[in-house]
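Residues per chain are reported as follows:
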Amino acid sequence: MKNFRILSLFAVLLCAAFVSCSDWTETESVGTTVRQPWEQDPALWEEYTAALRAYKQSEHFIVCARLFNSPDVAFSEQDFMRCLPDSLDFVMLENAANFSDFDREDMPVMRQKGTRVLYRVDCAALGADLADEAKLGALLDRAVAVVRTEGLDGFSFTTDPLAPAASAAIVAKLAGAVSEGQLLVFEGNPLSLTADDRARVDYVVLNTERTQHVQEVRLMALNATGFAGIEPGRLLLAADIKGPLYNEDRVEFSAADEMPRRVIEFGPLGGVSMVNIGPDYYNSDMNFRMIRRAIQTLNPAK
């Protein structure tokens, strides 16, 4: 009899559980519409973006980044221009040849923020084909066409220091395609270009992203500003956001944190370029936050 009562009680509880679970799992419509900042308060958004544009037109240290846009498969916000910090001065698109509808959707917001969008032409990646005039010409023609069609803000480019003829052709083509208000940025050792061609670029991003010791960074900066004649304000130091940088006492720091401090100490120079920002964009410290720290280190009052 006792066992019967226990079984009866269990049956009642089980029925109640099924009823409750049925109530819990009933399909219910939930609103998921995302309202963007400019939709929530258009007047405040316009005031904010006007202040951003004024800041970027003022005298300040430059902070830029390279972004691999429009991958074949997008995994998160790390793949889109809209994920970048608002105070970033310009972004160099590593996959600009495949400029997508998503990129086009982001362009009006980039315009509002005053963030310039550059087509990155990695000519050095051609390797031996850099000497092939037809292949180099096709690469440059594609870049010029996309910049014109999509309304981008200029170019950044690389080259091989052992290919002076190709380097001269690259500068001639891209400098001739740049219109008023657009930028031409070179990434690498400025001695890869002739003195005349160095004067034609707006900024030189020194190839310090793989350098792990500040003493080597100092020597490279001195060589660029001294021997190559690059004005300090036009020289940007590249920092791998995931890389280490050791100080004079061999103490390890994050390159993303230490390189901006050296921009001030070694010049002051023009600013810093952040490299490899995509992987682990939402890591424990967040690459987004690390870029913001670099901006605040260089422009604390802005």
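Residues numbered from 1 in each chain as written. Predicted model: local features only at pLDDT ≥ 70, side-chain atom pairs only at ≥ 80, totals over all residues. Heavy atoms only, no water.

Of regular secondary structure, the chain possesses 10 helices and 10 strands. The buried share of the chain, reckoned over its 302 residues, is 44%. Expressed as a percentage of contacts within the chain between residues at least 6 apart in sequence, the contacts between residues at least 24 apart total 71%. (Helix = DSSP H or I, 4+ residues; strand = E, 2+ residues; numbered from the N terminus. Buried < 20%, exposed > 50% of the residue type's maximum accessible area, 1.4 Å probe, protein only. Contact = heavy atoms within 4.5 Å.)

Now for the nonpolar core. Counting 66 residues, the largest nonpolar core has V91, Y119, V121, F155, F157, L174 and M274 as the members making the most contacts within it. With 6 residues, the single largest contributor to this core is helix α5 (residues 133–150). Apart from residues lying up to four places away in sequence, V91 is in contact with A65, L67, M81, L84, M110, T115, R116, V117 and L118. Formed by 12 residues, the second largest nonpolar core is a distinct cluster that contains C64, M92, L183 and L236. (Core = buried A, V, L, I, M, F, W, Y, C linked by side-chain atoms within 4.5 Å.)

A separate point is the sheet that holds strand β7 (residues 235–240). With parallel pairing, 8 strands are arranged side by side around a closed barrel as β1-β2-β3-β4-β5-β6-β7-β10. Each adjacent strand pair in this sheet contributes to an overall mean axis angle of 25 degrees, direction not counted. Bridge count for strand β3 (residues 116–122) against strand β4 (residues 154–158) is 4 bridges, and the pairing is parallel. Across the sheet, the residue bridging to R120 is S156, located in β4. Strands β3 and β4 of the sheet are contacted by α5, whose axis makes an angle of about 170 degrees with β3. Contacting β1 (62–67) and β10 (271–275), helix α10 (residues 287–298) crosses the sheet at an angle of about 160 degrees to β1. (Pairing = 2+ DSSP bridges. Axes fitted to C-alpha atoms, helices over the stretch in contact; angles between N-to-C directions.)

Now for the confidence of the model for the chain. Summarising the model, the chain shows a mean pLDDT of 87, and 82% of its residues fall at 70 or more. Note that pLDDT drops below 50 for residues 1–24; the model gives that stretch 0 contacts with residues more than four away or on any other chain. (pLDDT = per-residue confidence, 0-100.)

Let's shift gears to α10. Under the 1.5 Å per step criterion, the end-to-end length of α10 is 17 Å for 12 residues, consistent within 8% with the ideal 16 Å. Those residues of α10 that fall on the buried side of the exposure criterion are N287, M290, I291, A294, I295 and L298. The buried residues of α10 occupy an angular sector of 145 degrees when the element is viewed end-on, so they sit on one face. Check the buried side of α10 and you find it contacts α3 (42–57), β1, β9 (252–254), α9 (255–265) and β10. (Expected span 1.5 Å × (residues − 1). Arc of directions from axis to C-beta.)

As for its placement among the helices and strands, A163 is situated in the loop between β4 and α6 (164–177). For A163, a relative accessible area of 18% translates into the label buried. Separated by 35 residues in sequence, A163 and A128 have C-alpha atoms that sit 9.5 Å apart.

Here we come to the pattern of salt bridges. Tallying each qualifying case throughout the model produces 21 salt bridges. With a closest N to O distance of 2.4 Å, R261 and E258 form a salt bridge. Here E258 and R261 lie together in helix α9, a separation of 3 residues that amounts to about one turn. Residue E258 is classed as buried on the basis of its relative accessible area of 5%. Among the ionic contacts, a cluster of salt bridges with common partners joins R218, E248, E258, R261, R262 and E265. (Salt bridge = Lys/Arg side-chain N within 4 Å of Asp/Glu carboxyl O.)

Turning our attention to the packing of aromatic side chains. By the definition in use, this model includes 3 aromatic pairs. Geometrically, the ring pair formed by F157 and F186 is tilted, given 5.2 Å between the ring centres and 45 degrees between the ring planes. Highlighted residues: F157 in strand β4 and F186 in strand β5 (residues 183–187), separated in sequence by 29 residues. The two residues F157 and F186 agree in class, both being buried. Sitting over the ring of F253, R261 keeps its end group 5.6 Å from the ring centre. (Phe/Tyr/Trp six-rings, centres within 6.5 Å; stacked < 30°, edge-to-face > 60°. Lys NZ or Arg CZ within 6 Å of the ring centre and 35° of its normal.)

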